[in-house]
Amino acid sequence: MEWMISYENRNVFMYCPLCSAKALRPQGKNAFYCPDCGLVFYLNVAAAVAGLIFDSQGRLLVTVRGQKPKEGMLDMPGGFIDPGESAEQALRREIREELGLEIESMEYFGSAPNKYLYKGVRYATEDLAFICKTKDLSLARPADDVKEVLFLRPEQIELEKFAFDSIRDFLSRYLMTIQKAN
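Because the structure is predicted, anything quoted here is derived from the model rather than measured.

Caption draft 1: Up close: the overall build of the protein. Helices and strands together make up the secondary structure of the protein, namely 3 helices and 10 strands. Along the protein, from the amino end to the carboxyl end, the secondary structure elements read α-β-β-β-β-β-β-β-α-β-β-β-α. Each principal axis of the C-alpha distribution contributes one length, and for the protein these read about 60 × 30 × 25 Å. Taking all 182 residues of the protein together, 38% fall into the buried category. In the protein, once contacts between residues fewer than 6 apart in sequence are set aside, the share between residues at least 24 apart is 60%. Surface exposure of the protein reaches about 10300 Å², of which carbon and sulfur atoms provide 51%. Of the charged side chains in the protein, 23 are positive and 26 negative; the average position of the first set lies 4 Å away from that of the second.

Caption draft 2: Looking closely at unusual backbone geometry. In the segment running from Lys-68 into Pro-69, the intervening peptide bond is cis, with an omega of 0°. Residue placement: Pro-69 occurs in the loop between strand 5 (60–65) and strand 6 (74–75). If you check the backbone angles, Ser-20 has positive phi at about 70° while not being a glycine. Relative to the helices and strands, Ser-20 is located in the loop between helix 1 (7–12) and strand 1 (25–27). Look at Ser-20 and you get exposed, because its relative accessible area is 52%.

Caption draft 3: Geometry of the side chain of Thr-63. Positionally, Thr-63 belongs in strand 5. Residue classification places Thr-63 among the buried residues on the basis of a relative accessible area of 3%.

Caption draft 4: How the structure looks around helix 3 (residues 165–181). Spanning 17 residues, helix 3 covers 24 Å between terminal C-alpha atoms, matching the ideal 24 Å at 1.5 Å per step. The complete set of buried residues in helix 3 reads Ser-166, Ile-167, Phe-170, Leu-171, Tyr-174 and Leu-175. Elements in contact with the buried residues of helix 3: strand 4 (46–53), strand 5, strand 6, strand 8 (103–118) and strand 9 (121–134).

Caption draft 5: Looking closely at the packing of aromatic side chains. With the rule as written, the count across this model stands at 7 aromatic pairs. Taken together, a centroid distance of 5.7 Å and an interplanar angle of 45° make the contact between Phe-13 and Phe-41 tilted. Taken together, the positions of Phe-13 in the loop between helix 1 and strand 1 and Phe-41 in strand 3 (residues 40–42) put the pair 28 residues apart, joining distant regions of the chain. Aromatic pair Tyr-116 and Tyr-118: ring centres 6.5 Å apart, planes at 35°, arrangement tilted.

Caption draft 6: Geometry of the sheet that holds strand 5. The strand order 6-5-10 describes an open sheet built from 3 strands, whose pairing is antiparallel. Strands with a single pairing partner mark the edges of an open sheet, and in this sheet they are strand 6 and strand 10 (146–152). With 2 bridges joining them, strand 5 and strand 6 adopt antiparallel strand pairing. Note on strand 6: the bridge partner recorded for Thr-63 is Asp-75.

Caption draft 7: Summary view of the nonpolar core. Of all hydrophobic cores here, the largest spans 20 residues; its most connected members are Met-76, Ile-157, Phe-162, Ile-167 and Leu-171. Ranked by residues supplied to this core, first place goes to helix 3 with 5 residues. Not counting residues within four places of it along the chain, the set of residues in contact with Met-76 comprises Ala-50, Gly-51, Leu-52, Thr-63, Ile-167, Phe-170 and Leu-171. Counting residues in hydrophobic clusters, the runner-up holds 18 residues, among them Leu-61, Ile-95, Leu-101 and Val-146.

Basis of the calculations
Once a new chain begins, its residue numbering starts again from 1 and follows that chain's sequence as written. Note on the predicted model: pLDDT of at least 70 is required for a residue's local features to be given, and 80 or more for side-chain atom pairs to be given and counted; whole-chain, interface and lining totals, by contrast, use all residues. Calculated side-chain values reflect all of the structure's heavy atoms, with hydrogen atoms and water omitted. Note on conventions: DSSP H or I runs of at least 4 residues are helices, E runs of at least 2 residues are strands, and numbering of each starts at the N terminus. For the exposure calls, accessible area comes from a 1.4 Å probe over protein chains only, and a residue counts as buried if that area is under 20% of its type's maximum, exposed if over 50%, partly exposed in between. The contact definition used throughout considers only heavy atoms, calling two residues in contact when any of these lie within 4.5 Å. Note that accessible areas follow from Shrake-Rupley with a 1.4 Å probe, and for residues the cover is restricted to the protein chains shown. His is not counted, nor are the chain ends; Lys and Arg add positive charge and Asp and Glu add negative charge. Here the site of a charge means NZ on Lys, CZ on Arg, CG on Asp, or CD on Glu. To estimate the expected span of a helix, count its residues, drop one, and scale the result by 1.5 Å. Between 30 and 60 degrees the pair is tilted, below 30 it is stacked and above 60 it is edge-to-face, where a pair is any two Phe, Tyr or Trp rings, Trp via its six-membered ring, whose centres lie within 6.5 Å. Pairing between strands requires that DSSP locate at least two bridges from one strand to the other. Here, nonpolar core means buried Ala, Val, Leu, Ile, Met, Phe, Trp, Tyr and Cys residues that are tied together by side-chain atoms lying within 4.5 Å of each other.

All we've got here are geometric facts, nothing functional implied.
Put into structure tokens, the structure is as follows:
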């Protein structure tokens, strides 16, 4: 993947947030420089979380995105980490907001880089996945930005139907783990 300042961001970030000059220039792979005041404005990686949640039959809980970007595509529950939150706190909050569920326990699964294009800005993210256990999955209800909740058996998972590269990466790793176990 190309991680340099994207075309989208060059057209969005034109004005210096410090001196307001229309002078920002790309600098390196994640910054803009203002020659008028000397500010270097960094577009650092945003952190996000995703939960792999399985029912008693071994089916994976997946969501259908109810909003842009990638509305209507499949996803895993999760979202961006807010300032001052740990990854674990963010995942508990996101699962509660999106599904109405409380996480009982979670175990780190892995991380993957991602690109998230929203309203003309391309964000570089680092997504952290956790395997989660919840009390009663029958209580899962779509809320917030989730349109629908589905449960898929491993053989029903079609990677191309998932919205983001990082989620496809997590699911690919998960499916390889299952194949090795069989």
